[in-house]
Amino acid sequence: MVLILFISFVNLINSSLGLPAMFSDSASENEIQSYDFPFVDRAGWNARTPSKKNPLTTPVPYVVIHHSYTPPACRTGCECKEAMRQMQNFHMDDRGWWDIGYNFGVGSDGVAYEGRGWTTLGAHALHFNSVSIGICLIGDWRYEVPPADQIKTAQALIASGVEQGFIQSDYKLVGHRQVRDTECPGDALFNEIKKWKHYSEYPSSAKDLLNLPILSDKVKDVMKGNSTYD
Ligand SMILES: [Zn+2]
């Protein structure tokens, strides 16, 4: 009891100072999630309300890494929040999606930005959204790798997803190009993620998806052109 009061007190002080809470308190209605890396939630970047949401079944077995290509790399909180808004506007207004497609964005400011979050189905990797968390490293990473802080935060975000039970502990990490015909996440970033923990060479291309037991028959029917998503 004393500990709980202490934690509440620390969180109260932290929140009054605008600092992240040190402890999570899932019993509270205002669930406070603690992270040991800089994190900005949707309200923090002024996200629009999604037009609709579908739940994501967790823990997911895959993490998919993306680059944004555009917007380009953002280096300050101000730029990165603007980049998140730009991506959300593009995905909702031009693509007609329900929200920003990615579960999370990570900026060159070393901050993770909440997109759809851990428990909402993403729209980042066609046919693969239901089994993965999609993380976009904001920037064009065809020729250069993201700064060390951006990489470190992306990795810390994944570790936190495992710790919280949203990502399987034996997850596989892939680049977007391994599940879709795209150059994403750029050659330089793709070579970089091959060095990350849990990187998996398989699937190596979208052709392998039909052979993945983890994908449902419904998804495979859509891939074969026999059906469509809701
Ligand atoms: Zn991508």
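Counting from 1, residues in each chain are numbered in the order their sequence is written. In keeping with the predicted nature of the model, local features appear solely for residues at pLDDT of at least 70, side-chain atom pairs appear and are counted solely at 80 or more, and the whole-chain, interface and lining totals rest on all residues.

Digging into the overall build of the protein chain
Which entries qualify depends on this criterion: Comment: elements are numbered from the N terminus, with helices defined as DSSP H or I runs of at least four residues and strands as E runs of at least two.
Looking only at helices and strands, the protein chain features five helices and six strands. N-terminal to C-terminal, the α/β element order of the protein chain is α-β-β-α-β-β-β-α-β-α-α.

Notes on the confidence of the model for the protein chain
As a reminder, the rule being used: Values of pLDDT, the confidence the predictor places in each residue, fall between 0 and 100. Any residue pair is listed as a contact if its two C-beta atoms, each placed from the backbone, are within 7 Å.
Residues of the protein chain with pLDDT of at least 70 account for 86%, and the chain-wide mean is 89. Here residues 1-28 is modelled with pLDDT under 50, and outside its nearest four sequence neighbours on either side it reaches 25 contacts, counting other chains as well.

A word on the environment of Gly 122
Note that Gly 122 resides in the loop between β4 (112-114) and β5 (132-137). Residues Gly 122 and Pro 55, spaced 67 residues apart in sequence, show a C-alpha to C-alpha distance of 9.0 Å. For Gly 122, the residues in contact, after removing those within four places along its chain, are Gly 101, Tyr 102, Asn 103, Arg 116, Asn 129 and Gly 134.

So, the environment of Gly 115
Along the chain, Gly 115 turns up in the loop between β4 and β5. Distance in space between the C-alpha atoms of Gly 115 and Gly 105 is 6.5 Å, their sequence separation being ten residues. Setting aside its immediate chain neighbours within four residues, Gly 115 contacts Ile 100, Tyr 102, Asn 103, Phe 104 and Gly 105.

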